[in-house]
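Residue-level listing of the chains:
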Amino acid sequence: MATKAFQKIYTKITQITKATCSLKATGIGNEELAEVNGRLAQVVKIIGDEVTLQIFGGTEGIPTNAEVTFLGKSPTLKVGEQLAGRFFNAYGDPIDGGPQIEGEEREIGGPSVNPVRRKQPSELIATGIAGIDLNNTLVSGQKIPFFADPDQPFNQVMAMVALRAKADKIILGGMGLTNDDYLFYRQVFDNAGALDRIISFVNTTENPPVERLLVPDMALTAAEYFAVDKNESVLVLLTDMTLYADALSIVSNRMDQIPSKDSMPGSLYSDLAKIYEKAVQFPSGGSITIIAVTTLSGGDITHSIPDNTGYITEGQLFLRRDTDISKVIVDPFRSLSRLKQLVIGIKTREDHPQVMNALIRLFADAANAKTKMENGFDLSEYDQRTLTFAKEYSRNLLAIDVNISIDEMLDRGWSLLAKNFKKEEVGIRQALVDKYWPKSN
Amino acid sequence: MSTKGKVKGIIANLVIVEADGPVSQNEICYLETMGTKLMAEIIKVIGANAYVQVFESTRGLKIGDVVEFTGHMLEVVLGPGILSRNYDGLQNDLDKMEGVFLKRGDYTYPLDVDKLWDFTPLAIPGDEVVAGSWLAQVPENGQPHKIMVPFVLNGKYTVKSIVGKGQYNINEQIAVLIDHDGNELPLTMIQKWPVKKAIKAYREKPRPFRLLETGVRIIDTINPIVEGGTGFIPGPFGTGKTVLQHAISKQAEADIVVIAACGERANEVVEIFTEFPELEDPHTGRKLMERTVIIANTSNMPVASREASVYTAMTISEYYRSMGLKVLMMADSTSRWAQALREMSNRLEELPGQDAFPMDLSAIIANFYSRAGYVFLNNGKTGSVTFIGTVSPAGGNLKEPVTESTKKAARCFYALQQSRADSKRYPAINPIDSYSKYLEYPEFEEYIEKRIGSKWIPMVNEAKTILQRGMEVSEQIDILGDDGVPIDYHLKLWKSEIIDFVILQQDAFDKIDMLTPLERQQYMLEKVMEICNLDFTFDTFTEISGYFKRIINNLRQMNYSDFESEKFVGYENELKNIIKEREVA
């Protein structure tokens, strides 16, 4: 962003911390952008004539006589059809060697959608993965994260979901992405021939952490352009939101704010909600769906970041390695899609809700049987049957390499039930049992 | 002349304003920036500096921007036409706003100024009246909306004149009162009230005692809430808080339901917007939306108005209570409200309490819950505000400050349990840890005996004992193994499972099972307790689970069938045969 003529240049910085600097200036608007020796910064506090700036690139090497110019606007992104297929950094500048985008300049982090203008999400997003489609069905306009330990293959699963989801545009917001993972996404999208509908805003581990704070807003401003102006269905992938929250805590710490739980800022909930709530189904047909990644430490979901996220998002997806079949499955107990009720049994077959619940309940019985077995107790005949069932259920439905239609998932579910259980053991409404219970049994 | 001021400092949505005259705590002011007026509330004053929390984004606000003080606290407008509306936390009518996105500084009037109301006077000239006295009524969505003497008035007044039966809009003069000095006071159908003050235009607030039916068995049967009672639902995410809250707001036997969606997901409110205009009120047959008011301040809407939203909702509830109506108010979630308090306390650099919450959190919560209640109005009629709040404990830990403070204030505790939710035992309310203090009220006991007989409370207590015993046995089986305990233990476990599966668990998405009227709850509990009191004979424990699963399956099919229908009776007869197989005569 080039400095414009006739701008006042300030050269007397009064205070420098690791992420912020302060100076005397007047006529400055809150949240306005500035450049400090060419580094982008944003106004975070004004007291009288003392203005505090948060420097996204860090304050390393910033001298007290640095040149500061105010840009008279908050962060913006130029939007247009040309965004498609391009890679940008956290400031919205191209990093793929291509030309700058020509188009309308929009403020990022814009206003919220009026809740009465939202439409209730009702379009099912099929992924072919039974652990998702059968048990935790996704709906367009939903926001849902993967809760995963860093060693789990969440980037692979997310890329698979993104490509199968049939969205008009896929927008990747990468925060603290390792260069390898960044190249992975690029390659997968390229191989699938999908690059022309992908837009990426990437902050890698090589970039300063505070820059990450701009990434979700950039990605979502681009998403709003396609969803509102072009009525497209847009899928936004945000990875990794834990690193985003870490950047928030760095800044609030530098601002001398009193930390709340887990040294996170007290406003963490609102900060995350502002991002996730951009997921919406517009009445005009466009939609923004957000699939994010929140990495956990040792599976602990009581930590502030996953905890606050869970209260904001419409469910969460857990991946886990099932040692019985040595494959990664979508954990049916801990995963949840809150919006599934809007589509299952409505957009899908009538037996979907009850079959889903029966399978999970029996899988839970198997888990109990397993605990009994591990504790050295004798298993009943019923326990034995649940264990056989659990293995088949895991292999034929929960494993993430399953790729079938929802009707096939339900049929597989019924045949697993019929193979291992009696009708009265499955607890399904009689009318459905009469209709769908496989006849051969 | 009203006080004016200039912006002196900006820290996110906390703004320091230098005022040129007197200001008061909680006074409302408007900050003008780039042609837009932003509403704000004073939360601290030091010298001439007023610290205000702005209800909107402060992006672009500059030092020196002009501020106008209004001289009053945050108020809501009360009058006919509130029902069915969708407001934000500051009572702006969301439907009147233009465009898909919320615009900063877009304030819309909460009522319809053109609509003509069918006015029927209730008072006559010469009547002596006080604040809250009913002057007239207009029909609003099937409810008799009372036009009342403004709550702000003190002392006695006399009705000098009142207009006759006819059609009037809310701004037309409908009556004139005179005070004892002979001063005239013209009235319209509307009045204003500051939200942070409780409306106290009633004679007395006795202990509540009438059951408020919710149709949810685990509440009505096990831990009932009463008209004018208070309750709260804490639970980790994913345990079904919202589904339970929606079920209660759809089914509860209330005249008016006020829902404060406070800092929660927008799509949950959209669900209400979409469903309520379609669904029928099971008690009146009218559309649910007609009895509902929604205060939507979702998590992405400004934090400061999130705090205001629960007060706005409570004030509207109290307004309808003063008309002699049964009001149910739900707030989802009060934790978000507490977090809004925390964000502001943090910016004010107050010394923090536990988890950085403000020190007076407990007092603020207790004060809020105390606004609910069953009241005798000045004219002897009764009205009630029942309040149920949800709490979203951080990390699912019930020892955190919001849950602990709420526990001190609310009389019913519905603890949602992760492990019950994990095994899909919905509603996932833990039957043992949860409680309703109203069960101990002799007033309630007397009421329920009259309603469904004196055996009820002992039977409920017996069911609770069986559940508790079942839980203990299940723990022992986990330790000792199935064959390490006597057969009798298995029987105890499975009897408690019958109560769990048939009474406690309920399918909120099944048209029939979702709502169980009290008489049906009584029938089913009696049925279940009859089975629990039978002796069965088994040789080995392995036969027990299969047998009891058949009993449970039959009882559940009864739950899924229309009460006393052919199917219902069919399953009941089948059940009798199953019982005969093993019953000890």
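Residues numbered from 1 in each chain as written. Chains lettered and ligands numbered in written order. Predicted model: local features only at pLDDT ≥ 70, side-chain atom pairs only at ≥ 80, totals over all residues.

Glancing now at the overall build of chain A. Per the secondary structure count, chain A includes eleven helices and 21 strands. Dimensions of chain A, computed from C-alpha atoms along their principal axes, come out at roughly 85 × 50 × 40 Å. For chain A, contacts bridging at least 24 residues in sequence account for 71% of all contacts bridging at least 6. (Helix = DSSP H or I, 4+ residues; strand = E, 2+ residues; numbered from the N terminus. Contact = placed C-beta atoms within 7 Å.)

Another aspect to go through is the overall build of chain B. Helices and strands together make up the secondary structure of chain B, namely 14 helices and 25 strands. The buried share of chain B, taken over its 585 residues, is 52%. When contacts within chain B are restricted to residue pairs at least 6 apart in sequence, those whose partners lie at least 24 apart make up 69%. (Buried ≥ 20, exposed ≤ 12 C-beta atoms within 10 Å, placed from the backbone.)

All right, on to the sheet that holds strand β15 (residues 175-178) of chain B then. Read across the open sheet, the four strands follow the order β10-β13-β15-β16 (chain B); overall the sheet is antiparallel. Pairing within the sheet leaves two strands with one partner each, and these edge strands are β10 (128-129) and β16 (184-187) of chain B. (Pairing = 2+ DSSP bridges.)

Time to look at unusual backbone geometry. Looking along the chain, the bond that leaves Asp332(B) and enters Ser333(B) is cis, with omega of 5°. Looking at where Ser333(B) falls in the secondary structure, it is placed in the loop between β21 (326-332) and α5 (334-347). For the peptide bond that leads from Tyr426(B) to Pro427(B), omega is -15°, which places it in the cis range. Positive phi, normally seen in glycine, also occurs at Asp262(A), with a value near 50°.

With that out of the way, let us pick up the domain arrangement of chain A. For an interface, size is often stated in terms of accessible area lost upon the parts coming together. The domain architecture assigned to chain A consists of domain 1 (9-70), domain 2 (76-107 + 140-313) and domain 3 (352-436). Placing the centre of domain 1 of chain A and that of domain 3 of chain A at their C-alpha centroids yields a distance of 61 Å. (Domains from an automatic or database assignment.)

What follows covers the interface of chain B and chain A. Contact with chain B, which involves 62 residues of that partner, is made by 62 residues of chain A. When contributions to the side of chain B that touches chain A are tallied by element, the ones reaching two or more residues are β1 (4-11), α3 (266-275), α5 and α13 (542-560) of chain B. Residue contributions to the side of chain B that touches chain A peak at eight residues, all from α13(B). Residue composition of the side of chain B that touches chain A, grouped by class: 22 nonpolar, 22 polar and 18 charged. (Nonpolar A, V, L, I, M, F, W, Y, C, P; charged D, E, K, R; others polar.)

This brings us to the packing of helix α9 (residues 381-398) of chain A against helix α10 (residues 406-420) of chain A. Relative placement of two packed helices is described by the angle separating their axes and the distance separating the axes. All names here are of chain A. The geometry of α9 relative to α10 is characterised by a closest axis approach of 10 Å and an angle of 165° between their N-to-C directions. Accordingly, the angle class assigned to the pair α9 and α10 is roughly antiparallel. Considering how the two elements wind past one another, α9 and α10 form a crossing that is right-handed. Residue-level inspection shows Arg-385, Thr-388, Phe-389, Glu-392, Tyr-393, Asn-396 and Leu-397 of α9 in contact with α10, the latter providing Met-409, Arg-412, Gly-413, Leu-416 and Asn-420. In terms of residue class, the contact of α9 with α10 is made up of five nonpolar, four polar and three charged. (Axes fitted to C-alpha atoms, helices over the stretch in contact; angles between N-to-C directions. Parallel < 35°, antiparallel > 145°, perpendicular 65-115°, else oblique. Left-handed = near helix turned anticlockwise from the far one by under 90°.)

What follows is about the domain arrangement of chain B. All names here are of chain B. On domain assignment, one finds that chain B holds domain 1 (4-73), domain 2 (117-189), domain 3 (217-440) and domain 4 (455-582). Between the C-alpha centres of domain 1 and domain 3 there is a distance of 31 Å. Counting from both sides, the interface comprises twelve residues of domain 1 and, opposite them, seven residues of domain 3. Looking at the side of domain 1 that touches domain 3 element by element, the count peaks at three residues for strand β5 (residues 49-54).

This brings us to the pairing of strand β13 (residues 143-148) of chain A. Residue and element names in this part refer to chain A. Most of β13 is tucked away: six of the six residues are buried. The alternating pattern of β13 places Lys-143, Pro-145 and Phe-147 and Ile-144, Phe-146 and Ala-148 on opposite faces, both of which are buried. In the sheet, β13 pairs with strand β18 (residues 287-295) via six bridges, with the strands oriented parallel. Each residue of the ladder has a partner; that of Ile-144, found in β18, is Ile-291. Here two bridges tie β13 to strand β19 (residues 315-322), and the two strands are oriented parallel to one another. Residue pairing for β19: Phe-147 is matched across the bridge by Phe-318.

What follows deals with the nonpolar core. With 300 residues, the main nonpolar core has Val236(A), Val15(B) and Ile498(B) as its most contacted residues. For Val15(B), the residues in contact, after removing those within four places along its chain, are Val7(B), Gly9(B), Ile10(B), Leu31(B), Ala40(B), Val52(B), Val54(B), Thr58(B) and Leu61(B). (Core = buried A, V, L, I, M, F, W, Y, C linked by C-beta atoms within 7 Å.)

Now for the sheet that holds strand β9 (residues 117-121) of chain B. Residue and element names in this part refer to chain B. Strand order in the open sheet formed by four strands is β12-β11-β9-β14, and the pairing between neighbours is antiparallel. The outermost strands of the open sheet, each flanked by one partner alone, are β12 (143-148) and β14 (166-168). Strand after strand, the sheet turns through a mean of 40° between neighbouring axes, direction not considered. Across two bridges, β9 lies against strand β11 (residues 134-140) in antiparallel orientation. By the bridge assignment, Pro-121 is partnered in β11 with Ala-136.

A few words now on the environment of Ile147(B). Residue and element names in this part refer to chain B. Mapped onto the fold, Ile-147 is located in strand β12. Separated by 94 residues in the primary sequence, Ile-147 and Lys-241 have C-alpha atoms spaced 36 Å apart. In this structure Ile-147 touches Leu-135, Ala-136, Gln-137, Val-138, Ile-174 and Met-189, once residues within four positions along its chain are discounted.

Spanning 19 residues, α13(B) covers 28 Å between terminal C-alpha atoms, matching the ideal 27 Å at 1.5 Å per step. Considered for burial, the residues of α13(B) that qualify are Ile544(B), Phe548(B), Ile551(B), Ile552(B), Asn553(B), Asn554(B), Leu555(B), Arg556(B), Gln557(B), Met558(B) and Asn559(B). Turning to α13(B), the residues buried within the fold contact α11 (430-436) of chain A together with α11 (487-504), α12 (518-532) and α14 (566-582) of chain B. (Expected span 1.5 Å × (residues − 1).)

The periodicity of an α-helix, 3.6 residues per turn, causes residues three or four positions apart to be oriented the same way. A rise of 1.5 Å per residue sets the reference length of α11(B), with its 18 residues, at 26 Å; its end C-alpha atoms lie 25 Å apart and thus fit the reference within 8%. Burial analysis of α11(B) places 15 of its 18 residues in the buried class, the great majority of the element.

This part takes up the pairing of strand β22 (residues 373-376) of chain B. Sheet faces and side chains relate simply in a regular strand, where the side chains alternate between the two faces. All names here are of chain B. With four bridges joining them, β22 and strand β23 (residues 382-391) adopt antiparallel strand pairing. Looking at the pairing, Phe-376 lines up with Thr-382 of β23. What sits between β22 and β23 in their antiparallel hairpin is a turn of five residues, with Gly-380 showing a positive phi close to 90°.

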